[in-house]
Amino acid sequence: MKRAVIVLLVLLAILHQDFWFWDRIEPLVFGFIPIGLAYHIGVSMAAGILWAMAVCCCWPMDVDVPDAPFTTQPSTLQPERPR
Amino acid sequence: MSLSSLNPGQTAVLVIALYMVALIALGLLSQLVLRLTVADYFVASRGLGSVMLLMSLIGTTMTAFALIGSSGEAWESGIVVYGKMASWSGIIHAAMYFLIGIKLWAFGKKYGYVTQIQFFRDRFESDRLGLLLFPILVALLVPYILVGVISSGTALQQVTAGAFPDWFKFEDAKLAGAIPYWLGSLVTCVVVLYYISAGGVRGTAWVNALQTVIFLVLGCAMCWTIADRLGGPVNATKMVLDHNPTRLKRDASPQDMEQYQQKLKAWQADPKAAIIKPREPKPASKVEFTTYLFIPLSVAMFPHLFQYWLTARSARKFRLSIIGQPLLIMLIWAPCVMIGIWATSAIYNGQPVIPPDLVDSNKILPIIVKKLASPVLGALLAGGIFAAVMSSMDAQFLSLGSMFTNDIVGHYIGHDRFSDRQLVLIGRVFILVVVALSYLIGLKLQGTRGVFKLGVWCFSGFASLFPVLFAAIYWRRATKAGAYASILAAAGTWFWLFRDAGYGASGEPGRWGLTPVTLIFAASTIALVLVSLVTRPPSPATVEKFFGSSKYAR
């Protein structure tokens, strides 16, 4: 499933290049949205669906980490001083 | 005095003033509720849930660029702007949250990072990397802040025209009595400065969530009202088909150019009869369209977004934000793009809605709202524009303070030498200095820069730092020298191309039809890979810390 989601996301990025609608206005979706814009609104919706699939099927299991106490000086490095 | 006795400009001033008072009140309320610790001020004690995180992230990423910039750019170049920015952003922003956001959140939580620079210092084992990155990140945030400064001043000036004719005089009679640009920008900056000072990130998250709901609802209401005044959406689009059909597609054929010339001649011969001055067709470049994919990579490097990522209570709280990004971006951009396209050809009461001599595309949205909505609704819609402007400025201001406090003062002078309150105060003073500088630049640039082009330059700079970030997380062989080379290559190429483009006056593709970001991104990536491969790999301890295994380290 993870592989399928990745393939679909790559496919969506390719389909984003809708050169076939480059010179077209019609059909006007709902009578007022030119096809070139309606297509890309569709791309946005498809992206929402695909990312929902990614969240469900490809969520990394090891990412939630235990709480660490808050500190404003996390770096293990110390400022370099001129020698 | 009743509401009906106010003129439209005064109504707009009243509604916007009430809105700003409400924001200040919310800031005060959060100040009462919050403990003013550094953890609460800078990362809301890492306690935000899914809905608050989504609303804060959308409010932060959808700026004046998304409302005023998108409608202005649609007016200038047509529907292509949606495909270039909004649908690419829908795919890529979510990818950045998924691939970068949750990883950085995990590192932040595990090692206590508050800023990007803290992460980079540790990952690349270099203290001085912070000294290189800090001025670059601040310098890139300035044009982003400018987008808000310019938009708020312009919008307030347009929607309040006629409010106080005795107080504010203008050469342009149509603007007589308007709140001047300098005052509008100043008030916006002061209000944002106040409420972030009061509540820090947690207070700002509350305000942002409220503002996101406001501009989402009012954005849709704005589109509906404008369409209604133009005789419905079908009629509004028909006017574009009649006068500027190339704004409804991405190409312009020789016949389109011929028709444009004929319509222009007719308009020049008798402007009153032709009503609409035709706009020159602007065929889009397919290469440019494709290479705009690099622009949304910038979100991964926004310091203010990094700060919001850290506020999540757990990695799972990112899920709603990942799914919601493409859909909410669509809900915000699609109406604004339609408004921009309709604006090219809109006729109301037999008159063009947009003056034919208008050059400044930043004024499109405020003008159309002012002319087509009732005074109260127009003022509310203007409030929606301000919500978008301020919900981004606040996060940018906070991240400036956070970086200065933690990466410079705390790191080089020592956190132990200051109390929490002193650190917060130091952050505020630095924010004030940068905002004052941005405000002065904004005054200087009035009417000379489109917020869309300025925004694209800013995003190009942040996107060019993406290779370093991606490599820091996913390429264990990425080295300190590679990171320096990549950052210097990105900064150098960006500045060279930015200067070539008249410091943001132009956002057009410069070389070989490519967007500038493509070249900068390529320079940054090549430098990173080549230099990393020929320099000493990171220590096993660092590889172990960030990758869990030192398999590839020597």
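Conventions and cut-offs
Residues numbered from 1 in each chain as written. Chains lettered and ligands numbered in written order. Predicted model: local features only at pLDDT ≥ 70, side-chain atom pairs only at ≥ 80, totals over all residues. Helix = DSSP H or I, 4+ residues; strand = E, 2+ residues; numbered from the N terminus. Rg over C-alpha atoms; globule rule 2.2 N^0.38 Å. Buried ≥ 20, exposed ≤ 12 C-beta atoms within 10 Å, placed from the backbone. Axes fitted to C-alpha atoms, helices over the stretch in contact; angles between N-to-C directions. Parallel < 35°, antiparallel > 145°, perpendicular 65-115°, else oblique. Contact = placed C-beta atoms within 7 Å. Nonpolar A, V, L, I, M, F, W, Y, C, P; charged D, E, K, R; others polar. pLDDT = per-residue confidence, 0-100. Core = buried A, V, L, I, M, F, W, Y, C linked by C-beta atoms within 7 Å. Domains from an automatic or database assignment. Expected span 1.5 Å × (residues − 1). Left-handed = near helix turned anticlockwise from the far one by under 90°.

### Some remarks on the overall build of chain B
Then, number 1: Each helix and strand in chain B was counted, giving 22 helices and 2 strands.
Then, number 2: In summary, chain B has a C-alpha radius of gyration of 24 Å against a globular reference of 24 Å for 554 residues, a match within 12%.
Then, number 3: Dimensions of chain B, computed from the C-alpha atoms along their principal axes, are close to 80 × 60 × 40 Å.
Then, number 4: Split into buried and exposed, the 554 residues of chain B put 59% on the buried side.

### Observations regarding the overall build of chain A
Then, number 1: Scanning chain A for helices and strands turns up 2 helices and 0 strands.
Then, number 2: Counting only residues that meet the buried cut, chain A has 27% of its 83 residues in that class.

### Section: the packing of helix H4 (residues 64–77) of chain B against helix H18 (residues 451–464) of chain B
Residue and element names in this part refer to chain B.
Then, number 1: Relative to each other, H4 and H18 sit at 125 degrees, their axes nearing to 8 Å. Looking at the two axes, H4 sits oblique to H18. Counting all contacts with H4, which are made through Ala-64, Phe-65, Ile-68, Gly-69, Gly-72 and Glu-73, the residues of H18 involved are Val-451, Phe-452 and Gly-455.
Then, number 2: Of the residues contributing to the contact of H4 with H18, the split by class is 5 nonpolar, 3 polar and 1 charged.

### Considerations on the confidence of the model for chain B
For any part of a model where pLDDT is low, the fine detail of the predicted coordinates should not be relied upon.
Residues and elements named next belong to chain B.
Then, number 1: On average, residues of chain B score 85 in pLDDT, and 92% of them are at 70 or above.
Then, number 2: Element-level mean pLDDT values for chain B span from 62 in helix H2 (residues 38–43) up to 95 in helix H19 (residues 466–474).
Then, number 3: Considering only residues more than four positions removed or in separate chains, one finds that residues 550–554, a stretch of pLDDT under 50, has 13 contacts.
Then, number 4: This prediction of the complex comes with two scores: 0.85 for pTM and 0.85 for ipTM.

### Quick look at the nonpolar core
Then, number 1: Grouped together as the largest cluster of nonpolar side chains are 195 residues, with contacts concentrated most on Trp333(B), Val337(B), Ile339(B), Trp342(B), Ile368(B) and Ala382(B).
Then, number 2: No other element matches helix H5 (residues 80–111) of chain B, which puts 18 residues into this core.
Then, number 3: When residues of this core are assigned to domains, at least three map to each of domain 1 (3–101 + 136–288 + 322–395) and domain 2 (465–554) of chain B.
Then, number 4: Other than its neighbours up to four places away in sequence, Val337(B) contacts Leu37(A), Ser70(B), Ala74(B), Ile79(B), Val81(B) and Tyr82(B).

### Examining the interface of chain B and chain A
Then, number 1: Listed per partner, the contact involves 54 residues of chain B and 41 residues of chain A.
Then, number 2: Looking at the side of chain B that touches chain A, the elements that each hand over two or more residues are H2, H5, helix H6 (116–123), helix H9 (233–243), helix H12 (286–291), helix H14 (318–343) and helix H16 (375–414) of chain B.
Then, number 3: Tallying contributions element by element places H5(B) first for the side of chain B that touches chain A, with 14 residues.

### Some thoughts on the domain arrangement of chain B
The figure often quoted for interface size is the accessible area lost as the parts come together.
Residue and element names in this part refer to chain B.
Then, number 1: As far as domains go, chain B holds domain 1 (3–101 + 136–288 + 322–395) and domain 2 (465–554).
Then, number 2: On a C-alpha basis, the centres of domain 1 and domain 2 stand 33 Å from each other.
Then, number 3: Contacts between the two partners involve 6 residues from domain 1, matched on the other side by 9 residues from domain 2.
Then, number 4: Those elements that place two or more of their residues in the side of domain 1 that touches domain 2 are helix H7 (129–159) and H12.
Then, number 5: Residues of the side of domain 1 that touches domain 2, tallied by class, amount to 4 nonpolar, 1 polar and 1 charged.

### Quick look at unusual backbone geometry
Then, number 1: Glu26(A) connects to Pro27(A) through a cis peptide bond whose omega is 5 degrees.
Then, number 2: One can find Pro27(A) in the loop between helix H1 (2–15) and helix H2 (35–57).
Then, number 3: Its identity as a non-glycine residue notwithstanding, Phe30(A) has a phi of 55 degrees, on the positive side.
Then, number 4: Within the secondary structure layout, Phe30(A) lies in the loop between H1 and H2.
Then, number 5: Residue Phe30(A) is classed as exposed on the basis of its 10 C-beta neighbours within 10 Å.
Then, number 6: Phi at Ile275(B) takes a positive value of approximately 65 degrees, unusual for a residue other than glycine.

### Examining the environment of Arg229(B)
Residue and element names in this part refer to chain B.
Then, number 1: In this fold, Arg-229 is placed in helix H8 (residues 181–229).
Then, number 2: As a C-alpha pair, Arg-229 and Trp-333 span 104 residues in sequence and 20 Å in three-dimensional space.
Then, number 3: Other than its neighbours up to four places away in sequence, Arg-229 contacts Tyr-348 and Leu-372.

### A closer look at H18(B)
Then, number 1: Taking 1.5 Å as the rise per residue, H18(B) with 14 residues should run 20 Å; its terminal C-alpha atoms sit 20 Å apart, in good agreement.
Then, number 2: Summarising burial for H18(B): 14 of the 14 residues are buried, a large majority.

### Observations regarding the confidence of the model for chain A
Then, number 1: A residue-level look at chain A finds 76% of positions with pLDDT of 70 or above and a mean pLDDT of 81.
Then, number 2: The low-confidence segment residues 79–83 of chain A (pLDDT under 50) makes 5 contacts with residues lying over four places distant or belonging to another chain.

### Comments concerning the packing of H18(B) against helix H21 (residues 516–534) of chain B
Residue and element names in this part refer to chain B.
Then, number 1: The interhelical angle for the contact between H18 and H21, taken along N-to-C directions, is 20 degrees, at an axis separation of 9 Å. Put simply, H18 runs roughly parallel to H21. Seen from above, H18 lies across H21 with right-handed handedness. Side by side, H18 and H21 meet where Ser-460, Ala-463 and Ser-464 of the first sit next to Pro-516, Val-517, Ile-520, Phe-521 and Ser-524 of the second.
Then, number 2: Looking at the contact of H18 with H21 residue by residue, the classes come out as 5 nonpolar, 3 polar and no charged.

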